[in-house]
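# Descriptive analysis of the structure
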Amino acid sequence: MSARDQIDGTAVVTTYFEDRIAAAEKEVEAARTALAAAEAKVEQRQTERDTFVRDGSLPPAAYNSDTGQPEWELCQWAQTRSARIAFKDLTPSGDTAFNRLRAEEKAAHSWLREHGYTVPAPFGEKA
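The structure presented is a predicted model; accordingly, all values stated were derived computationally and were not measured.

## What to know about the overall build of the protein chain
For the protein chain, the count of helices and strands is five helices and zero strands. Going residue by residue from the N terminus, the α and β elements of the protein chain occur as α-α-α-α-α. Expressed as a percentage of its 127 residues, the buried residues of the protein chain come to 17%. Of the contacts formed within the protein chain by residues at least 6 apart in sequence, a portion of 39% connects residues at least 24 apart. Looking at the protein chain as shown, the accessible area adds up to about 9600 Å², and 56% of this sits on carbon and sulfur atoms.

The structure is reproduced here in structure tokens:
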């Protein structure tokens, strides 16, 4: 009897589908894990916002900046908002939006200074 005669083709094809199902289940589990992490991030951001509203404090920096201070993250966020408009919408209405966002960036810098924070030099020298 040859090896071909001993192997059930239906079983092989069924194994193919089982492998595909297992891979899809792994994708679902990874998606669930990512969703749980994203939901936790939303809750964390809401807690940070509520803390800011309550006592005006900023959360610790979310990444390892040169100073480890939240000022970097806030300044970078404000700068990125205006930069996106500057490169995306080169129209009069885009100019208005850009000017508005630049004013908001300056307002964020002013808020930091007024509340005893230091605006990092790469951000503060131009605002």
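After that view, the rundown keeps rolling.
## Regarding the packing of aromatic side chains
Taken as a whole and assessed by the stated rule, the structure comprises three aromatic pairs. The interplanar angle of 20° and the centroid separation of 5.8 Å between the aromatic rings of tryptophan 111 and tyrosine 117 together place this pair among those described as stacked. Aromatic rings pair up to connect Phe52, Trp111 and Tyr117 into one cluster.

So, how was this worked out
Residues numbered from 1 in each chain as written. Predicted model: local features only at pLDDT ≥ 70, side-chain atom pairs only at ≥ 80, totals over all residues. Heavy atoms only, no water. Helix = DSSP H or I, 4+ residues; strand = E, 2+ residues; numbered from the N terminus. Buried < 20%, exposed > 50% of the residue type's maximum accessible area, 1.4 Å probe, protein only. Contact = heavy atoms within 4.5 Å. Areas by Shrake-Rupley, 256 points an atom, 1.4 Å probe, with all protein chains shown as cover. Phe/Tyr/Trp six-rings, centres within 6.5 Å; stacked < 30°, edge-to-face > 60°.

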